Each structure stands twice: as structure tokens, then as C-alpha cells.
Amino acid sequence: MYLVTGATGALGRRVVRLLRERDQPVRSFVRLSSKYAELENRGSEIFIGNLREERDIQKACRRVKYVISSHGSGSDAQELDYRANVDLIDQAKAAGVEHFVFISVLGADRGYEDATVFKAKREVEKYLQSSGLNYTILRPSGLASSLLPLAERFKQTGLYLLTGDPKNRTSIVSTDDLARIAVESPVNMGAKNRIFPVGGPDILKREDIPRIFGRLFNREPIVINAPLMVVDGIRGSIGLMNPALSGSLGTFRALVANEFYCTANEIDTLETIYNFKLESVETFLRRYLGT
Ligand SMILES: NC(=O)c1ccc[n+]([C@@H]2O[C@H](COP(=O)([O-])OP(=O)(O)OC[C@H]3O[C@@H](n4cnc5c(N)ncnc54)[C@H](OP(=O)(O)O)[C@@H]3O)[C@@H](O)[C@H]2O)c1
């Protein structure tokens, strides 16, 4: 039995679909408020719970062989990115889980002091590595599925808002490829107790994204480039009133102020170990947008 957290999220949904296509037993950890009918229809067991509750995590881990932790946190990195994963690791260990896959983030080890998600991910990585569990830690760059709503908006307006340096490099990964890597990690000996940066096959500049959208919809992009100062200004003014939101903006700032790409060697390693070719962002988008 696989336990998947964040099963209704962009990545988790794909992980559950893939496991069910391969006839694997899956338990999807979902909240009652989530839309989980599709997962149930595909034959996943549904576990209703909240990752803020250790008791729910403990119950969800019963009779589980593999855990894939793919939940996100909204603006509560402390409780969800950190605490819930630490509880999951403890309960997985107590339940005799054989392998734990943790979805981290590219750059988790760069020490971004103001980015709570990055800090939480790095602390969980360390906790997992010293837990005694078998593990695979995947550090993705941006997920291509996050571009889908932006592409839909671009289709209507031709507008693309780019915050920070347009020349910054990124290797956005196909969310389908990341799901496949996550699903195969527990049964791939080459992935045992390893940390992998995970990106797409191409190193893009951030300004390439509106160009790709332009090609997809045959439309000249209108790029609005907001400087980093705008994020800093907003952060400064809301920081005193809403520290949680200010924390999320710290993570957002780290994302837009820095480069997140994988080297050709890192992509080669992934393709060799998992034995498939990673797809480009454009191929991923064309499949979902039907262009
Ligand atoms: N998106 C990116 O570009 C990116 C880049 C690097 C790394 N990552 C990492 O990749 C993973 C997947 O990201 P994603 O974009 O697929 O996430 P997502 O779409 O934001 O999904 C978040 C998931 O977490 C669940 N969740 C949130 N709070 C919960 C709680 N209290 N109890 C139970 N479930 C809860 C949500 O359930 P509900 O349906 O109930 O809300 C949802 O299924 C995350 O670990 C993220 O940090 C993402």
C-alpha cells in the first residue's frame, strides 16, 4: 500500500493516477473539504484527515509500505511543510514503512534565511536522512502544472506578469515526469537513499515562458516586468500586520530573485537512473492545452 499526501494537489493527483494505472494499492490522504471523487473513482482508498493532526497521520500510516509526501502548505510552512512531515516520518518508522519519498524543492540547501518553505524542506530532508528509513528526496524546480492557469490567462489577454530578472534561468519540470519519478523511487535501487535535483531537459530564461505561450496561442506576448522592489515594498508594508503572509512572500521572493535550474549532468543522471527521457515544458503544455 502506498500512502500519498497532498493527493488532491497538482502533483499528488498525478501520483495517484499513475499508481492506479499500474494497479498499485493507494491510500490518498485528503481533507473532507477537498475534491477527491476522481481519486476514489480510480480505485484509491480515501483517508479523510488533516495533516495538522498527528493522530490522523498515525492512522493513515497503518499497513503502509511506501509513503510519498507531496503535500503543499499554503502559508503555514511551520505546521505543514515542517511539522506534518516530521510526524509522517516518525509514524512511518513506527509502522515499518519500507521507503519514504519526500518532495522537497530545488535550492533547499542554499540557506535562504527569509524563505520558510525552503528552510522547512531542508530541515525535513535532514530529519529523514537521520531517521533510519530508506528514502528518496526529490528537489524539483518549478512544476509545469503551475503554468497552466497563467497560460489560460495569457490566452485571453496576451498578458504575462514577470517579477524579477527576465534573464534568470529555470528548468521547469513536467509534473507528469516528476510524478513518475516519485512513483518509481521506492522500487528503483538506484534511487535508494539519494537526493536528486529534478528539472526539465531545457534550461530556459524566465523570459522564454511568455515566448512559449506566444507560440502555443499564436499571439504576441505583452510582458509586464515588475522589479523585485515591488515584492520588497509589499512585504515591508504587510510584514508587521500579517507575519504569516510576510513569510510566504519571503519564499516567493526567493523564488523570483534566484535561478532554479538543473545542470545537463543532473538531467543525465535522472534519465539514466529512471530510464526515460524527460519532456520539455512546451510538450507538457501542448498536451494539457490541446494546442
Ligand atoms: N508548485 C511548484 O512549482 C513546486 C515547486 C517545487 C516544489 N514543490 C513541492 O511539490 C509538492 C507538490 O506541489 P503542488 O503544487 O502539487 O501542491 P498543491 O497543488 O499546492 O497541493 C497542495 C496539497 O496539499 C494538501 N494539503 C494542504 N494542507 C493540508 C492539510 N492540512 N491536510 C491535508 N492535506 C493538505 C492540499 O489539499 P486540499 O485539496 O485539501 O487543499 C493539496 O492536496 C509540494 O511539496 C511542493 O512544496 C512545488
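The rules behind the values
- Residues numbered from 1 in each chain as written.
- Predicted model: local features only at pLDDT ≥ 70, side-chain atom pairs only at ≥ 80, totals over all residues.
- Helix = DSSP H or I, 4+ residues; strand = E, 2+ residues; numbered from the N terminus.
- Buried ≥ 20, exposed ≤ 12 C-beta atoms within 10 Å, placed from the backbone.
- Contact = placed C-beta atoms within 7 Å.
- Pairing = 2+ DSSP bridges.
- Axes fitted to C-alpha atoms, helices over the stretch in contact; angles between N-to-C directions.
- Parallel < 35°, antiparallel > 145°, perpendicular 65-115°, else oblique.
- Left-handed = near helix turned anticlockwise from the far one by under 90°.
- Core = buried A, V, L, I, M, F, W, Y, C linked by C-beta atoms within 7 Å.
- Near = placed C-beta within 6 Å.
- Nonpolar A, V, L, I, M, F, W, Y, C, P; charged D, E, K, R; others polar.
- Expected span 1.5 Å × (residues − 1).

Caption draft 1: View of the overall build of the protein chain. When helices and strands are counted, the protein chain shows twelve helices and eleven strands. Reported as C-alpha extents along the three principal axes, the dimensions of the protein chain are approximately 55 × 45 × 40 Å. When burial is assessed residue by residue, the protein chain has 43% of its 291 residues classed as buried. When contacts within the protein chain are restricted to residue pairs at least 6 apart in sequence, those whose partners lie at least 24 apart make up 76%.

Caption draft 2: Structural view of the sheet that holds strand 6 (residues 135–140). Spatially, seven strands are ordered 3-2-1-4-5-6-9 in an open sheet, and the strand pairing comes out parallel. Pairing within the sheet leaves two strands with one partner each, and these edge strands are strand 3 (45–48) and strand 9 (194–198). Averaged over neighbouring strand pairs, the angle between their axes works out to 15 degrees when direction is ignored. Along the sheet face, helix 1 (residues 10–21) touches strand 1 (2–5), strand 2 (26–30), strand 4 (66–69) and strand 5 (99–103) and points at about 160 degrees away from the line of strand 1.

Caption draft 3: Region of the structure containing unusual backbone geometry. At R63, a position not held by glycine, the phi torsion is positive, near 60 degrees. As for its placement among the helices and strands, R63 is situated in the loop between helix 3 (54–60) and strand 4. In this structure, N193 takes a positive phi of about 55 degrees despite not being glycine. Mapped onto the elements, N193 comes out in the loop between helix 7 (175–184) and strand 9. On the basis of neighbour counts, which here come to 12 C-beta atoms within 10 Å, the residue N193 falls in the exposed class.

Caption draft 4: Broad picture of the packing of helix 6 (residues 147–157) against helix 8 (residues 208–217). Two elements in contact, helix 6 and helix 8, have axes separated by 10 Å at closest approach and are oriented at 60 degrees. Judged by the angle between their axes, helix 6 and helix 8 are oblique. For the element pair helix 6 and helix 8, the recorded crossing hand is right-handed. Contact with helix 6, carried on its side by L147, A151, F154 and K155, involves I209, F213, L216 and F217 of helix 8 and no other residues of that element.

Caption draft 5: Seen up close, the nonpolar core. Residues V4, V15, V67, F100, L138, L178 and A182 are the most contacted members of the largest nonpolar core, which totals 76 residues. At seven residues, the largest contribution of residues to this core is made by helix 4 (residues 77–94). Beyond its immediate stretch of four places on either side in the chain, F100 contacts V67, I89, A92, L128, L133 and Y135.

Caption draft 6: View of the site of the ligand. The environment of the ligand is formed by 23 residues, the closest being G6, G9, L11, S34 and G72. In terms of residue count, helix 1 provides more of the shell around the ligand than any other element does, three residues in total. Classifying every residue of the shell around the ligand gives nine nonpolar, twelve polar and two charged.

Caption draft 7: Highlighting the pairing of strand 6. Strand 6 sits mainly inside the fold: six of its six residues count as buried. Sheet topology note: the strand 5/strand 6 ladder contains four bridges and is parallel. By the bridge assignment, F100 is partnered in strand 6 with Y135. When strand 6 meets strand 9, the two strands line up parallel, connected through five bridges. Note that in strand 9 the partner of R139 across the bridge is P197.

Caption draft 8: Examining the environment of S34 more closely. Structurally, the position occupied by S34 is in the loop between strand 2 and helix 2 (37–41). Separated by 27 residues in sequence, S34 and A7 have C-alpha atoms that sit 9.5 Å apart.

Caption draft 9: Seen up close, helix 10 (residues 243–257). With 15 residues, helix 10 ought to run about 21 Å at 1.5 Å a step, and its terminal C-alpha atoms sit 20 Å apart, in line with that. Within helix 10 the residues assigned to the buried category are G247, L249, G250, T251, R253, A254 and L255. Those residues of helix 10 that are buried are in contact with helix 4, helix 5 (116–129) and helix 9 (228–239).

Caption draft 10: Structural context of the environment of Q24. In this fold, Q24 is placed in the loop between helix 1 and strand 2. Taking the C-alpha atoms as reference points, Q24 and V230, separated by 206 residues in sequence, lie 47 Å from one another. Each residue touching Q24, except ones within four places of it in the same chain, is listed here: Y2 and L19.

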